[in-house]
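Results of the structural survey
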Amino acid sequence: MTLKLERNVKRFYDGLEEGVIYARKCTECGAIEYPPHYACNTCGYHETEWTTISGRGVLKSAILPVSLNANSRLAEIGSYCFGEVALEDDPNCSFNSTIFGVDADNVEDIRAHLPVAVHAKIIQLDGYKTVMFEVDEDALS
Ligand SMILES: [Zn+2]
């Protein structure tokens with residue numbers, strides 16, 4: 001499968017091929033927009049510029065997949081949940097993501113320690129790479 005990309009998302013996906021995660025930064029207030037948006041959701045300013053993010057952040061919630069939203073391709077990669085991530089680069093920038101390293105055995109422990117440290121993980125899917133997150137190995141220690 002080949003992904004047809006608009007020019008404004010091509011840079012994001014090209015970055016992932018090089019291991020770099022691009023976001024947009026508001027030229028007015030400095031807020032990070034991730035995934036990249038061309039206007040600022042914090043102050044409403046219309047100009048943002050390309051920046052990169054560290055990929056570090058915290059997980060703020062953890063919901064295990066159920067049969068309706070389970071994804072067998074993701075399960076092949078590892079155990080996962082869905083959750084809200086806030087970026088270290090801008091803690092006000094939060095979004096929902098797939099989070100690896102969470103399963104029925106540790107989800108209660110993770111919930112008891114929220115927010116827990118996570119890092120971005122560039123995942124190869126069919127024909128393209130995307131960004132998901134993973135709980136840090138020492139997040140609960
Ligand atoms: Zn702004």
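Each remark here, short or long, concerns the structure printed above.
Overview of the structure. Here the structure is a predicted model, which is why all the values come from computation and not from measurement.

So, the overall build of the protein chain
Helix and strand counts for the protein chain come out as 3 helices and 8 strands. Beginning at the N terminus, the succession of helices and strands in the protein chain can be written as α-β-β-β-β-α-β-β-α-β-β. Here the protein chain has a C-alpha radius of gyration of 16 Å; the compact-globule value for 141 residues is 14 Å, and the two agree. Counting only C-alpha atoms, the protein chain reaches 45 × 35 × 25 Å along its principal axes. Counting only residues that meet the buried cut, the protein chain has 33% of its 141 residues in that class. In the protein chain, 49% of the contacts between residues at least 6 apart in sequence involve partners at least 24 apart. With the model as given, the accessible surface of the protein chain reaches about 8200 Å², and the carbon-plus-sulfur share is 46%. For the protein chain, the distance from the average position of its 12 positive side-chain charges to the average position of its 22 negative side-chain charges is 8 Å.

Focus on the coordination of the zinc ion
Ligation of the zinc ion by protein atoms is provided by C26 (SG), C29 (SG), C40 (SG) and C43 (SG), these donors lying 2.3 to 2.4 Å from the ion. Given 4 donor atoms and angles of 106 to 113° at the metal, the environment of the zinc ion is assigned as tetrahedral. Each donor residue of the zinc ion belongs to the same chain, with the gaps between them written as C-x2-C-x10-C-x2-C. With a gap of 14 residues between them, C29 in the loop between β1 (22–26) and β2 (32–33) and C43 in the loop between β2 and β3 (48–52) connect regions that are remote in the sequence.

Some thoughts on the environment of N106
Relative to the helices and strands, N106 is located in the loop between β6 (94–100) and α3 (107–113). Residues N106 and N96, 10 residues apart in the sequence, show an inter-C-alpha distance of 20 Å.

Brief notes about the nonpolar core
If you look at the biggest cluster of nonpolar residues, it comprises 25 residues, and the most contacted ones within it are Y34, L59, L87, I99, F133 and V135. Put simply, the parts of the chain that give this core at least two residues each are α1 (7–17), β1, β5 (80–87), β6, α3, β7 (116–125) and β8 (128–135). Core analysis: the next-biggest nonpolar cluster, separate from the first, contains 6 residues, L74, Y80, F100 and M132 among them.

With respect to the sheet that holds β6
On the basis of which strands lie adjacent, the closed barrel formed by 5 strands has the order β4-β5-β6-β8-β7 and mixed pairing. Put simply, the sheet's adjacent strands are angled 55° from each other on average, direction ignored. Here β6 pairs with β8 via 2 bridges, running parallel. Looking at β8, one finds that I99 is bridged to F133.

Brief notes about the sheet that holds β2
With antiparallel pairing, the 3 strands of this open sheet are ordered in space as β2-β1-β3. Looking at which strands have only one partner, the edges of the open sheet turn out to be β2 and β3.

Describing the pairing of strand β4 (residues 56–59)
Examined bridge by bridge, β4 and β7 share 4 bridges and lie antiparallel to one another. In the strand pairing of β7, V58 is matched with A117. In this structure, β4 lies alongside β5, joined through 3 bridges in antiparallel fashion. Of the residues in β5, the one forming a bridge with V58 is A86.

Criteria and thresholds
Residues numbered from 1 in each chain as written. Predicted model: local features only at pLDDT ≥ 70, side-chain atom pairs only at ≥ 80, totals over all residues. Heavy atoms only, no water. Helix = DSSP H or I, 4+ residues; strand = E, 2+ residues; numbered from the N terminus. Rg over C-alpha atoms; globule rule 2.2 N^0.38 Å. Buried < 20%, exposed > 50% of the residue type's maximum accessible area, 1.4 Å probe, protein only. Contact = heavy atoms within 4.5 Å. Areas by Shrake-Rupley, 256 points an atom, 1.4 Å probe, with all protein chains shown as cover. Lys, Arg positive; Asp, Glu negative; His and termini not counted. Charge placed at Lys NZ, Arg CZ, Asp CG, Glu CD. Donors = N, O, S within 2.8 Å, 3.2 Å for Na, K, Ca; no water. Tetrahedral: all angles 85-135°; square planar, octahedral: opposite > 155°, others 65-115°. Core = buried A, V, L, I, M, F, W, Y, C linked by side-chain atoms within 4.5 Å. Pairing = 2+ DSSP bridges. Axes fitted to C-alpha atoms, helices over the stretch in contact; angles between N-to-C directions.

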